[in-house]
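The chain contents come next:
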Amino acid sequence: MKNIQTTIRAILLSASLLFAGSTFAQTDPMVGGAAMYPTKTIVDNAVNSKDHTTLVAAVKAAGLVETLQGAGPFTVFAPTNEAFNKLPQGTVESLLKPENKTMLSTVLTYHVIAGNIDSKMLMEWIKKGGGKYTAKTVQGGELTFWMKGKALMITDEKGGMAKVTIKDVYQKNGVIHVIDTVLMPKG
């Protein structure tokens, strides 16, 4: 009788661990202290991230909310507030002015690639490209992707580098990769 009880306990414990594991595996990723739901759009999720308040303000100022709520799909490389803070003093404030809307839109759309591109795809393309992969952005410029150890890196047209700090945040209309530096196009 004792062996049967022990066996039943072991089965129940295994079943509960299996259930807990599958529930945990299905949780939505957290970005900026907020869950990112794959049933929401890029903008609908981004507005909840406390780490992306500057990006959200910039998207609104550039008039890109409607676009990024569209069907897409879009791959967005989303700079954090800290990334914007790395820019020279006054840059963000200047870009957010109504008279600089075109310039702001240029910078923001440089962070977007058409399509639903996750990190696995990028890493495969980097490998096939002999260590680098270049992609055209919605803005028309190019971003170069490469690996530094296990980190996915991006080089912009001005030679600036960003590290992907959170990858593969799937959205209803694409995927977000959080980055630590604002990418800048030529010109």
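Keep in mind that this is a model prediction, so the values were computed, not measured.

Criteria and thresholds
Residues numbered from 1 in each chain as written. Predicted model: local features only at pLDDT ≥ 70, side-chain atom pairs only at ≥ 80, totals over all residues. Heavy atoms only, no water. Buried < 20%, exposed > 50% of the residue type's maximum accessible area, 1.4 Å probe, protein only. Helix = DSSP H or I, 4+ residues; strand = E, 2+ residues; numbered from the N terminus. Contact = heavy atoms within 4.5 Å. Core = buried A, V, L, I, M, F, W, Y, C linked by side-chain atoms within 4.5 Å. Lys, Arg positive; Asp, Glu negative; His and termini not counted. Salt bridge = Lys/Arg side-chain N within 4 Å of Asp/Glu carboxyl O. Polar contact = N/O pair within 3.5 Å; in protein donor to acceptor, adjacent residues only side chain to side chain. Axes fitted to C-alpha atoms, helices over the stretch in contact; angles between N-to-C directions. Parallel < 35°, antiparallel > 145°, perpendicular 65-115°, else oblique. Left-handed = near helix turned anticlockwise from the far one by under 90°. Nonpolar A, V, L, I, M, F, W, Y, C, P; charged D, E, K, R; others polar.

Moving on, we come to helix H7 (residues 101–109). Along H7, the positions that sit buried rather than exposed are Leu104, Ser105, Val107, Leu108 and Thr109. For H7, the elements touching its buried residues are helix H3 (53–61), helix H6 (91–95) and strand E4 (112–114).

Counting 21 residues, the largest nonpolar core has Leu55, Val76, Phe84, Leu104, Leu108, Ile176 and Val182 as the members making the most contacts within it. The set of elements that each furnish at least two residues to this core consists of H3, strand E3 (74–79), helix H5 (81–85), H6, H7 and strand E9 (174–179). Filtering out sequence-adjacent residues up to four positions away, leucine 108 remains in contact with Leu55, Ala58, Val59, Ala62 and Leu64. In terms of nonpolar packing, the next biggest core, distinct from the first, is built from 15 residues, Ile113, Ile126, Leu152 and Leu183 among them.

Moving on, we get to the environment of isoleucine 166. Relative to the elements of secondary structure, isoleucine 166 occurs in strand E8 (residues 161–171). Considering only alpha carbons, one finds isoleucine 166 and isoleucine 176, ten residues apart in sequence, at a separation of 8.4 Å.

This part covers the side chain of aspartate 156. Within the secondary structure, aspartate 156 is located in the loop between strand E7 (151–155) and E8. Lysine 158 provides the closest opposite charge to the buried, unpaired aspartate 156, separated from it by 7.8 Å. Within polar-contact distance, the side chain of aspartate 156 engages the backbone nitrogen of methionine 184 at 2.8 Å. In this view, aspartate 156 contacts Tyr110, Leu143, Val182, Leu183 and Met184; residues no more than four positions away in its chain are not counted.

Another aspect to go through is the packing of H3 against H7. Relative orientation of the contacting elements H3 and H7 amounts to 125°, with a least axis distance of 9 Å. The angle between H3 and H7 falls in the class oblique. For the element pair H3 and H7, the recorded crossing hand is left-handed. Residue-level contacts link Leu55, Ala58, Val59 and Ala61 of H3 to Lys101, Leu104 and Leu108 of H7. For the contact of H3 with H7, a count of residues per class yields six nonpolar, no polar and one charged.

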